[in-house]
Amino acid sequence: MLNVMEDITSMAGLRENLDEIMARVKEDGGPLVITEDGEAALVLLSAEEYQSLVGRSETQEMMAIATERAGDVTDLEDGIALFYKEAGLQPPDKRR
(Lines give C-alpha, C1' and ligand atoms only; values in the text may rest on other atoms or scores of the structure.)
Protein backbone atom coordinates (compact mmCIF):
# COMPACT_ATOMS: atom_id res chain seq x y z
CA MET A 1 0.00 0.00 0.00
CA LEU A 2 1.27 3.44 -0.86
CA ASN A 3 2.32 5.54 2.14
CA VAL A 4 2.06 9.15 0.97
CA MET A 5 4.49 10.29 3.67
CA GLU A 6 7.29 7.91 2.64
CA ASP A 7 6.61 6.59 -0.85
CA ILE A 8 6.84 9.80 -2.86
CA THR A 9 10.00 11.58 -3.95
CA SER A 10 10.95 14.21 -6.49
CA MET A 11 13.24 13.68 -9.46
CA ALA A 12 15.87 15.68 -7.60
CA GLY A 13 15.40 13.47 -4.52
CA LEU A 14 15.76 10.40 -6.71
CA ARG A 15 19.01 11.69 -8.20
CA GLU A 16 20.40 12.66 -4.78
CA ASN A 17 19.48 9.38 -3.05
CA LEU A 18 19.49 6.84 -5.87
CA ASP A 19 21.42 4.09 -4.06
CA GLU A 20 19.25 4.36 -0.92
CA ILE A 21 16.02 4.49 -2.92
CA MET A 22 16.99 1.51 -5.07
CA ALA A 23 17.84 -0.54 -1.98
CA ARG A 24 14.52 0.36 -0.34
CA VAL A 25 12.44 -0.43 -3.41
CA LYS A 26 14.29 -3.73 -3.94
CA GLU A 27 13.59 -4.64 -0.31
CA ASP A 28 9.92 -3.63 -0.02
CA GLY A 29 8.93 -3.88 -3.69
CA GLY A 30 7.60 -0.34 -4.00
CA PRO A 31 5.74 1.45 -5.35
CA LEU A 32 7.60 4.72 -5.13
CA VAL A 33 5.98 7.67 -6.87
CA ILE A 34 8.46 10.07 -8.46
CA THR A 35 7.24 13.58 -9.04
CA GLU A 36 8.29 16.19 -11.56
CA ASP A 37 7.19 19.78 -11.11
CA GLY A 38 4.97 18.65 -8.23
CA GLU A 39 3.03 16.10 -10.29
CA ALA A 40 3.33 12.31 -10.39
CA ALA A 41 5.58 11.42 -13.32
CA LEU A 42 6.81 7.85 -12.73
CA VAL A 43 6.25 4.87 -10.48
CA LEU A 44 9.22 2.76 -9.44
CA LEU A 45 8.69 -0.92 -8.60
CA SER A 46 11.06 -3.78 -7.88
CA ALA A 47 11.48 -6.25 -10.73
CA GLU A 48 9.78 -8.92 -8.59
CA GLU A 49 6.73 -6.72 -7.92
CA TYR A 50 6.52 -5.74 -11.60
CA GLN A 51 6.59 -9.41 -12.66
CA SER A 52 3.87 -10.20 -10.14
CA LEU A 53 1.67 -7.42 -11.55
CA VAL A 54 2.25 -8.60 -15.12
CA GLY A 55 1.35 -12.15 -14.12
CA ARG A 56 -1.87 -11.00 -12.46
CA SER A 57 -2.75 -8.94 -15.53
CA GLU A 58 -2.21 -11.91 -17.85
CA THR A 59 -4.37 -14.09 -15.59
CA GLN A 60 -7.15 -11.50 -15.64
CA GLU A 61 -6.90 -11.28 -19.42
CA MET A 62 -7.17 -15.07 -19.69
CA MET A 63 -10.24 -15.06 -17.47
CA ALA A 64 -11.85 -12.26 -19.49
CA ILE A 65 -11.34 -14.16 -22.74
CA ALA A 66 -12.66 -17.35 -21.13
CA THR A 67 -15.71 -15.51 -19.79
CA GLU A 68 -16.39 -13.88 -23.16
CA ARG A 69 -16.12 -17.23 -24.89
CA ALA A 70 -17.84 -19.24 -22.15
CA GLY A 71 -19.65 -21.35 -24.72
CA ASP A 72 -16.30 -22.50 -26.10
CA VAL A 73 -14.74 -23.21 -22.70
CA THR A 74 -15.53 -26.27 -20.62
CA ASP A 75 -12.71 -26.06 -18.06
CA LEU A 76 -9.71 -23.96 -17.04
CA GLU A 77 -7.35 -25.83 -19.34
CA ASP A 78 -9.61 -25.03 -22.31
CA GLY A 79 -9.74 -21.38 -21.20
CA ILE A 80 -5.96 -21.16 -21.03
CA ALA A 81 -5.58 -22.81 -24.44
CA LEU A 82 -8.11 -20.38 -25.90
CA PHE A 83 -6.24 -17.42 -24.38
CA TYR A 84 -2.97 -18.42 -26.02
CA LYS A 85 -4.71 -19.05 -29.34
CA GLU A 86 -6.54 -15.69 -29.29
CA ALA A 87 -3.40 -13.83 -28.22
CA GLY A 88 -1.35 -15.52 -30.95
CA LEU A 89 1.03 -16.92 -28.34
CA GLN A 90 2.70 -20.29 -28.00
CA PRO A 91 1.59 -22.06 -24.78
CA PRO A 92 4.40 -22.73 -22.29
CA ASP A 93 5.92 -26.20 -22.10
CA LYS A 94 3.68 -28.34 -19.84
CA ARG A 95 6.60 -30.54 -18.74
CA ARG A 96 7.78 -28.04 -16.11
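Structure: above.
Residues numbered from 1 in each chain as written. Predicted model: local features only at pLDDT ≥ 70, side-chain atom pairs only at ≥ 80, totals over all residues. Heavy atoms only, no water.

Right, let's get into the overall build of the protein. A count of helical and extended segments in the protein gives four helices and three strands. Secondary structure elements of the protein occur, N-terminal to C-terminal, as β-α-α-β-β-α-α. Among the 96 residues that make up the protein, the fraction classed as buried is 22%. Partitioning the intrachain contacts of the protein with sequence separation of at least 6 by distance along the chain shows that 26% fall at a separation of at least 24. (Helix = DSSP H or I, 4+ residues; strand = E, 2+ residues; numbered from the N terminus. Buried < 20%, exposed > 50% of the residue type's maximum accessible area, 1.4 Å probe, protein only. Contact = heavy atoms within 4.5 Å.)

Compared with an ideal rise of 1.5 Å per residue, which puts twelve residues at 16 Å, helix H4 (residues 76–87) spans 16 Å between its outermost C-alpha atoms and is within 8% of the ideal. All buried positions along H4 are accounted for by Gly79, Leu82, Phe83 and Tyr84. Trailing H4 by a residue or two, Gly88 shows a phi angle of about 70°, which is positive. (Expected span 1.5 Å × (residues − 1).)

Within this structure, the stated rule accounts for one salt bridge. Residue Arg24 is joined to Asp7 by a salt bridge in which the shortest nitrogen-to-oxygen separation is 3.6 Å. Pair noted here: Arg24 is in helix H2 (residues 18–28) and Asp7 is in the segment before strand S1 (8–10), with a separation of 17 residues, a long-range link. Given the relative accessible area of 30%, Arg24 is considered partly exposed. By relative accessible area, which is 10% here, Asp7 ends up buried. (Salt bridge = Lys/Arg side-chain N within 4 Å of Asp/Glu carboxyl O.)

What follows is about the nonpolar core. Counting six residues, the largest nonpolar core is built from Met11, Leu14, Ile21, Val25, Leu32 and Ile34. Put simply, the parts of the chain that give this core at least two residues each are helix H1 (11–16), H2 and strand S2 (32–36). Not counting residues up to four positions away in its chain, the partners in contact with Met11 are Ile34, Thr35, Glu36, Ala41 and Leu42. (Core = buried A, V, L, I, M, F, W, Y, C linked by side-chain atoms within 4.5 Å.)

Our focus in this paragraph is unusual backbone geometry. Note on backbone geometry: most residues besides glycine have negative phi, and most peptide bonds are trans. Here the bond from Gly30 into Pro31 is cis, since omega is 5°, no more than 30 degrees from zero. Along the polypeptide, Pro31 turns up in the loop between H2 and S2. We note that Asp37 has phi near 55°; this positive angle belongs to a residue other than glycine. Since its relative accessible area comes to 78%, Asp37 is described here as exposed.

Take the sheet that holds strand S3 (residues 39–44) next. Taken in spatial order, the three strands line up as S1-S2-S3 in an open sheet, and their pairing is mixed. Two strands lie at the open edges of the sheet, namely S1 and S3, each paired on one side alone. When the angles between neighbouring strand axes are averaged without regard to direction, this sheet yields 35°. Relative to the sheet, H2 contacts S1, S2 and S3, its axis offset from that of S2 by approximately 145°. (Pairing = 2+ DSSP bridges. Axes fitted to C-alpha atoms, helices over the stretch in contact; angles between N-to-C directions.)

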